[in-house]
Amino acid sequence: MKPLVVEKAQAEKWLEELCRVFDVFCPVKVKGDLYQWGRLGKKGLPRIPEGVPKTTIKTFFFPQPEVLFEFGARPGLKDAFRLKEPVCEKRPRLLFGVRPCDARSVVLNSMPYEEDPYFQKNRDETTMVGFLCKDGCSTCFCTWTGGSPLGMEGMDLAVVELEDGALFLEPITEKGLGLLEFDFFREPTEEEEVFVKGLREKVNKDAEETSSRLRSKGLMDLYNAPFWQEVSDACINCGTCTFLCPTCYCFDIQDETLRGKGRRIRYWDSCMFPLFTQHASGHNPRGDKLKRVRNRFMHKLKYFPDRFGPVSCVGCGRCVRDCPVNIDIRQVLARMLEV
Amino acid sequence: MSSVNEKIAGKIRSIASSLLESGEVAAFLGYTTGSLPGMMQPYVARDAKEAENLSWSSFCVINLANYLPALLKSFEPPRRPNEPPPEGPLPKVGVVATGCWSRNMVVQIQENQIDRNRVVIVGISSRGMVDRRKVQRFVGNREILSMEEQANFLVVKGKDFEEKINRWDVVRDNCKTCTHPDPVIYDELVGGLSGKRDIPDRFRQVDEIEALDIEERWKWFQEEISSCIRCYACRNVCPLCYCPTCFVDDSRPQWVGKSIDRVDTALFHILRAYHCAGRCTDCGSCESVCPMGIRMRLFTKKLQKDVLELYGFEPGLDVETPLPLSTYKVDDPEDFIITNIKKGDKK
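Small disclaimer: the values here were computed from a predicted structure and weren't measured.

### With respect to the overall build of chain B
The secondary structure content of chain B amounts to twelve helices and eight strands. Taken against the 2.2 N^0.38 rule, which gives 20 Å for 347 residues, the C-alpha radius of gyration of chain B at 22 Å falls within 12% of a compact globule. Burial status across chain B gives 38% buried among its 347 residues. For chain B, contacts bridging at least 24 residues in sequence account for 70% of all contacts bridging at least 6.

Structure follows, in structure tokens:
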């Protein structure tokens, strides 16, 4: 589809128009230097920070928590234990300023959630405007995981910020094309096309493709590798890595009742938590932290690629930066590749 | 690495490797250099060769006492939950300890979580650990690519900048108000002791919050925890948190909801803090590990202040003084038990 350009001043008006139709979300500064996904507040074009915000966009597709249904929980009353679909009147959502790694995470999560009605409904109701990366952080490693700083997978519209603040827009899907049905745009100049092409050429295309190498490794060789002890020694089994990870998608389900009203929710679970695989009998197949830590990496880097092809990691570097004990997935990946 | 740290690291390595070599300990718990600037990783050396990886710096922000009970247990033969430990001596573990870490080990000994005879403690007087967030705030949004430590300065470098920061300016709040930097129990000592520090306004941060009126205080608390993702890093890194099943994980009965409802999150933080009353040594690990920058250390600091005022007690200074909230005396004051309520007083 043909790219278009919007000047900075026009872009603000364009965003205003989009706000009439969509609930628009973008990275918002909350405390100090902490950026989180939140509702677009101020008028005008938001500044999209380099790198990724602290929290991921998975919360829009896999909410914490998702209400599956509601029910009356007082026996004897008319609505007792009758299931009701949760009422929520929301407008379609637009995520503005999604980085390529985060956009790609939605595509990866869609694989196991292919038949999940809740995830897919959220995906249908969401439009993603991605911002391609000109500059990464030292903790970025998307090219190791099959992504690219200029990757457009998962996006509906891809944006490159030009030097003068104008935006170079490439529609990718019909949804993305729909966002451009206004008069704010012009055709890109030749210079602008060359600039964007130049960025593409700069991306390291020789980056090692790790998923096929991981798939070719013996599953039990990786499982029984000697380094898991050392990797897990420092782990405190908190949920930081899994909750900040865009591609961790495990959940648990619970009924909550309050004053005669009940709801069944599904909420984020973490393989780092001891209850994750606790059986009703009391037995826990992953009873100690070595087994839990190993599972996190084996799931992302072996079981997932074996089943779906790519690794379940987009290289955003959140777990690298925020793991309190500095367990670095890049080092674990390197060790797994050595097996 | 500064020469001070290099000296300490060298001594730790040589003590650890001789303890491991002689077989006196089965493992040695310390720190190794991490993969990011200003990050240190807790590390278990299991032989003399691995002891070479041990290191030391101003970024050792996690209280190593947290790992001790499980590490000791890993060297015991497996047994059922209520089975007594086997007869005869069990393997020992060596561990590095600063003031607050050693005080938490004292609490763990008092609470029967570790056996003093099974730990070889290598004491180090702490110079105060550095808060990575303060360093980041100092350089703004620019990405830090290296952090080099000199005796009293940090040299922070990025793609197109270099800053020299006074180390004390970026030391953690809890370390700045620390009165006991020296280890209280140890078997070997690395470097000298620096003595008890007198900090007249060590509860200043708490006083400021106490001075707010009740609505303001509640608002402050709500705002502080608003970004909590319930990862439980604060709980898991705490050497006081060792319950086999935490109240937040219980499902029958379920004390607290599992997702990020505001009331549930508040309940978690209040209860976590209360469980630490009279036991917390203000080691600051909880705050250092929080990915969202929540200053939950202030909650426990308030309780530390209360326990000091009400009981004249500071935890972990010696094994003999019992913990005030887990003992009972016949002549304990009972003012809080309300008796003889007159009919007219009832509301």
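### What about the overall build of chain A?
Looking only at helices and strands, chain A features 13 helices and twelve strands. C-alpha extents for chain A along the principal axes are approximately 65 × 60 × 40 Å. Counting only residues that meet the buried cut, chain A has 41% of its 339 residues in that class. Pairs at least 24 apart in sequence give 71% of the contacts found in chain A among residues at least 6 apart.

### A few points about the domain arrangement of chain A
By convention, interface size is frequently given as the accessible area that disappears when the constituent parts associate. Residues and elements named next belong to chain A. As assigned here, chain A comprises domain 1 (4-206) and domain 2 (212-338). Computed from C-alpha atoms alone, the centre-to-centre distance between domain 1 and domain 2 is 25 Å. Counting from both sides, the interface comprises 35 residues of domain 1 and, opposite them, 28 residues of domain 2. Looking at the side of domain 1 that touches domain 2, the elements with two or more residues in it are β4 (66-72) and α3 (100-110). Looking at which element gives the most residues to the side of domain 1 that touches domain 2, the answer is β4, with seven residues. For the side of domain 1 that touches domain 2, the class distribution of residues is 19 nonpolar, ten polar and six charged.

### Some remarks on the environment of Lys289 of chain A
Residues and elements named next belong to chain A. Structurally, Lys289 is set in helix α11 (residues 289-308). Looking at Lys289, the number of C-beta atoms within 10 Å reads 17, which means it is partly exposed. Sequence separation between Lys289 and Trp14 is 275 residues, and the spatial gap between their C-alpha atoms is 50 Å. Not counting residues within four places of it along the chain, the set of residues in contact with Lys289 comprises Ser232, Cys235 and Asn237.

### Digging into the sheet that holds strand β8 (residues 188-190) of chain B
Residues and elements named next belong to chain B. What the five strands build is an open sheet, ordered β2-β1-β3-β4-β8; its pairing is mixed. Both outer strands of the open sheet, β2 (40-45) and β8, are each paired with one neighbouring strand and no more. Each strand axis lies, on average, 25° off the axis of its neighbour in the sheet, ignoring direction. Sheet topology note: the strand β4 (residues 119-124)/β8 ladder contains three bridges and is parallel. Paired with Val122 across the bridge in β8 is Glu188. Those strands touched by helix α4 (residues 99-110) are β3 (92-97) and β4, and its axis lies near 150° from that of β4.

### A closer look at the interface of chain A and chain B
Contact residues are listed per partner, giving 30 residues for chain A and 30 residues for chain B. Elements represented by at least two residues in the side of chain A that touches chain B include exactly β2 (23-31), β3 (34-39), α10 (240-244), β11 (251-258) and β12 (261-268) of chain A. Across the side of chain A that touches chain B, the residue classes tally to 14 nonpolar, ten polar and six charged.

### Let's talk about the domain arrangement of chain B
All names here are of chain B. Here chain B is described as being made up of domain 1 (3-131 + 171-326) and domain 2 (132-170). Using only C-alpha atoms to locate each centre, domain 1 and domain 2 end up separated by 26 Å. Contacts between the two partners involve ten residues from domain 1 and, on the opposite side, 14 residues from domain 2. Of the residues assigned to the side of domain 1 that touches domain 2, the class counts are four nonpolar, five polar and one charged.

### Some remarks on the pairing of strand β6 (residues 153-158) of chain B
All names here are of chain B. As defined by bridge partners, strand β5 (residues 146-149) adjoins β6 across four bridges and the pair is classed as antiparallel. Residue pairing for β6: Glu148 is matched across the bridge by Val155. Linking two consecutive strands that pair antiparallel, namely β5 and β6, is a turn of three residues. Note: β6 against strand β7 (residues 161-166), six bridges, orientation antiparallel. In the sheet register, Val155 faces β7, and the bridge partner there is Lys164. The loop that links β6 with its antiparallel partner β7 comprises two residues.

### Observations concerning the pairing of β3 of chain A
All names here are of chain A. Two elements, β2 and β3, share six bridges in a ladder whose sense is antiparallel. Among the inter-strand pairings, Lys29 is bridged to a residue of β3, identified as Tyr35. From the end of β2 to the start of β3, which pair antiparallel, there are two residues, and Gly32 there has a positive phi angle of about 55°.

### Some points on unusual backbone geometry
The amide bond that connects Gln64 of chain A to the next residue, Pro65 of chain A, takes the cis arrangement and shows omega of -5°. Here Pro65 of chain A lies in the loop between α2 (58-61) and β4. Unusually for a residue other than glycine, Asn326 of chain A sits at a positive phi of about 60°. With a phi angle near 65°, Tyr232 of chain B is a residue other than glycine that sits in the positive phi range. By the element assignment, Tyr232 of chain B lies in the loop between α8 (214-225) and α9 (233-236). Residue class for Tyr232 of chain B comes out buried when judged on the 25 C-beta atoms lying within 10 Å of it.

### What about the sheet that holds strand β10 (residues 185-186) of chain A?
The mixed open sheet is built from eight strands, whose spatial order is β3-β2-β6-β7-β8-β9-β1-β10 (chain A). Single-partner strands in this sheet number two, and they are β3 and β10 of chain A.

### Section: the environment of Ile236 of chain A
Within the secondary structure, Ile236 of chain A is located in the loop between α9 (228-233) and α10. Note: C-alpha distance between Ile236 of chain A and Phe273 of chain A (37 residues apart in sequence) is 9.9 Å.

### Quick notes on the packing of helix α10 (residues 262-275) of chain B against helix α12 (residues 297-311) of chain B
Residues and elements named next belong to chain B. Two numbers describe how α10 lies on α12: the axes approach to 9 Å, and their chain directions differ by 40°. Judged by the angle between their axes, α10 and α12 are oblique. Crossing of α10 over α12 shows right-handed handedness. Where α10 approaches α12, its residues His269, Ala273 and Tyr274 are matched on the opposing element by Phe299, Thr300 and Leu303. Classifying every residue of the contact of α10 with α12 by side-chain character gives four nonpolar, two polar and no charged.

### Side note on α12 of chain B
All names here are of chain B. The terminal C-alpha atoms of α12, which comprises 15 residues, lie 21 Å apart, in line with the 21 Å expected from a rise of 1.5 Å per residue. Looking at α12, one finds that the buried residues are Arg297, Phe299, Thr300, Lys301, Gln304 and Val307. Tucked inside the fold, the buried residues of α12 contact α6 (173-176), α7 (204-210), α10 and α11 (285-289). A positive backbone phi angle near 60° is found at Gly312, which sits one or two residues after α12.

Conventions adopted
- Residues numbered from 1 in each chain as written.
- Chains lettered and ligands numbered in written order.
- Predicted model: local features only at pLDDT ≥ 70, side-chain atom pairs only at ≥ 80, totals over all residues.
- Helix = DSSP H or I, 4+ residues; strand = E, 2+ residues; numbered from the N terminus.
- Rg over C-alpha atoms; globule rule 2.2 N^0.38 Å.
- Buried ≥ 20, exposed ≤ 12 C-beta atoms within 10 Å, placed from the backbone.
- Contact = placed C-beta atoms within 7 Å.
- Domains from an automatic or database assignment.
- Nonpolar A, V, L, I, M, F, W, Y, C, P; charged D, E, K, R; others polar.
- Pairing = 2+ DSSP bridges.
- Axes fitted to C-alpha atoms, helices over the stretch in contact; angles between N-to-C directions.
- Parallel < 35°, antiparallel > 145°, perpendicular 65-115°, else oblique.
- Left-handed = near helix turned anticlockwise from the far one by under 90°.
- Expected span 1.5 Å × (residues − 1).

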